[in-house]
Amino acid sequence: MTTTANQNVDEAEIAKFERMASRWWDLNGEFKPLHDINPLRANYIDERAAVAEKKVLDIGCGGGILCEALFQRGANVTGIDMGVAPLEVAKLHGLETGAQVDYQHTTAEAFAQNNANQFDIVTCLEMLEHVPNPASTIDACTALVKPGGDIFFSTINRNPKAYGVAILGAEYLLKLLPKGTHEYGKFIRPSELSRWARESGLVVNNICGITYNVFTKKYKLNPDDIDVNYLIHATKPL
């Protein structure tokens, strides 16, 4: 594990996603849940911040699932990640689809040093629970977005229900994700994420849950249920 001024990285987490990189765009593989919730995430972002012709940065972009969705909606997208293999997959898939995304191998903290106040929208989805110091990543997001800009986070709540659904249910019973994808101790309560955002100078505007129906096998946005997966929309004051 490395945690310095420019590196907020858990090498074991990076290796975990490196091993799965080749299956990133397999709609029925390990990343199927990401593909299933991606339209919901993209809609939430677009409805609250109108991405067309905006400069968007996706932190922890992986294989580019969200990047491509936002590009298709007219955004000028940059994606950064510390996984080499996922970035290569993202670049290759972009060549196939024509998605012109600028992918870079770096951390949010390092990227913020030379790109402060450069982006209209910053997204950091399903990533905070995989770094040693989430507050450091949030500070970098705040530095990167322009005054008046929008930031979107998503992660998993930390409570017994979230453990049952996201780990026991998703990884062991339903096998929606590979075993070991998540560590319960790294889950983040909405109150914690909101506090870190406020301490970073952001205004939290909205929190919305993402729920899964085991019978219909469908996900939906649910503002009344943030017990497990949830999104936060924040803005940087002018």
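Everything below is about the structure shown above.
Each chain carries its own residue numbering, running from 1 in the written order of its sequence. Predicted model: local features are reported for residues with pLDDT of at least 70 only, side-chain atom pairs are reported and counted for 80 or more only, and whole-chain, interface and lining totals are derived from all residues. Just so you know, side-chain values use all the structure's heavy atoms and leave hydrogens and water out.

Colleague: Which residues make up the pattern of salt bridges, and what are the values?
Modeller: Only one rule defines a salt bridge in this text: a Lys or Arg side-chain nitrogen within 4 Å of an Asp or Glu carboxyl oxygen. Summed over all chains, the structure comprises 13 salt bridges. The partner of Arg189 in a salt bridge is Glu192, with the nearest N and O atoms 3.7 Å apart. Glu199 serves as the salt-bridge partner of Arg195, at 3.7 Å between the closest nitrogen and oxygen. Separated by 4 residues within a single helix, Arg195 and Glu199 lie in helix H8 (residues 190–199), roughly one turn from each other. Judged by its relative accessible area of 59%, Glu199 is exposed. Through salt bridges that share partners, Asp10, Glu183 and Lys186 make up one connected network. Each helix is a run of DSSP H or I of at least 4 residues and each strand a run of E of at least 2, with the numbering of both proceeding from the N terminus. Buried means the residue's accessible area, taken with a 1.4 Å probe over protein chains only, is under 20% of the maximum for its type, while exposed means over 50%, and partly exposed covers the values in between.

Colleague: Break down unusual backbone geometry for me, with residues and values.
Modeller: Non-glycine residue Ala50 carries a positive phi angle of around 45°. You can see Ala50 is positioned in the loop between helix H2 (32–49) and strand E3 (55–59). Residue Ala50 is classed as partly exposed on the basis of its relative accessible area, which comes to 45%. Backbone geometry places Glu126, a non-glycine residue, at a positive phi of 55°.

Colleague: Which residues make up helix H3 (residues 65–72), and what values do they have?
Modeller: Of all 8 residues in H3, 6 are buried, a share of seventy percent or more. Within H3, the full set of buried residues consists of Ile65, Leu66, Cys67, Glu68, Ala69 and Leu70. Against the buried residues of H3 lie H2, E3, strand E4 (76–81), helix H4 (84–97), strand E5 (102–105) and strand E6 (119–125). Positive phi shows up at Gly74, right after H3, with a value of about 100°. The contact criterion used throughout is that any non-hydrogen atoms of two residues lie within 4.5 Å.

Colleague: How would you sum up the side chain of His233? Please name residues and give values.
Modeller: Tracing the backbone shows His233 in strand E10 (residues 229–235). N or O atoms closer than or at 3.5 Å make up a polar contact, with two conditions inside protein: a donor-capable atom paired with an acceptor-capable one, and, for residues adjacent in sequence, both atoms drawn from side chains. Among the polar contacts listed, one links the side chain of His233 to the side chain of Asp150, at a separation of 2.7 Å. Beyond its immediate stretch of four places on either side in the chain, His233 contacts Tyr44, Arg48, Asp150, Ile151, Phe152, Val203, Val204, Asn205 and Asn206.

Colleague: Tell me what's going on with the packing of H2 against H3, and back it up with residues and numbers.
Modeller: An axis is simply a line fitted to the C-alpha atoms; with a helix, the fit covers only the stretch in contact. Between two such axes, the angle follows the N-to-C directions and lies from 0 to 180 degrees. Packing of H2 against H3 leaves a shortest axis separation of 10 Å and a crossing angle of 45°. On the basis of their axis angle, the class for H2 and H3 is oblique. Read as a crossing pair, H2 and H3 show a hand that is right-handed. Where H2 abuts H3, its residues Leu34, His35, Asn38, Arg41, Ala42 and Ile45 lie against Ile65, Leu66, Ala69 and Leu70. Of the residues assigned to the contact of H2 with H3, the class counts are 7 nonpolar, 2 polar and 1 charged. Roughly parallel covers angles under 35 degrees, roughly antiparallel covers those over 145, roughly perpendicular covers 65 to 115, and oblique covers all other angles. Here is the rule for handedness: rotate from the far helix to the near one, and if that takes an anticlockwise turn smaller than a right angle the crossing is left-handed, while a clockwise turn gives right-handed. Classification used: nonpolar for Ala, Val, Leu, Ile, Met, Phe, Trp, Tyr, Cys and Pro, charged for Asp, Glu, Lys and Arg, polar for all others including Gly.

Colleague: Help me get a handle on the sheet that holds E6, residues and values and all.
Modeller: Paired strands, as defined in this entry, are two strands with at least two bridges between them according to DSSP. If you walk across this open sheet you meet the 8 strands as E5-E4-E3-E6-E7-E10-E8-E9, and the pairing is mixed. The two strands at the open ends of the sheet, each matched to only one other strand, are E5 and strand E9 (218–222). Mean inter-strand twist for the sheet, computed between neighbouring axes without regard to direction, equals 20°. Inspection of the sheet shows E6 paired to strand E7 (residues 145–156) by 6 bridges, in the parallel sense. Along E7, the bridge assignment pairs Val122 with Ile151. The sheet strands contacting helix H6 (residues 134–144) are E3, E6 and E7, and the helix crosses E7 at an angle near 150°.

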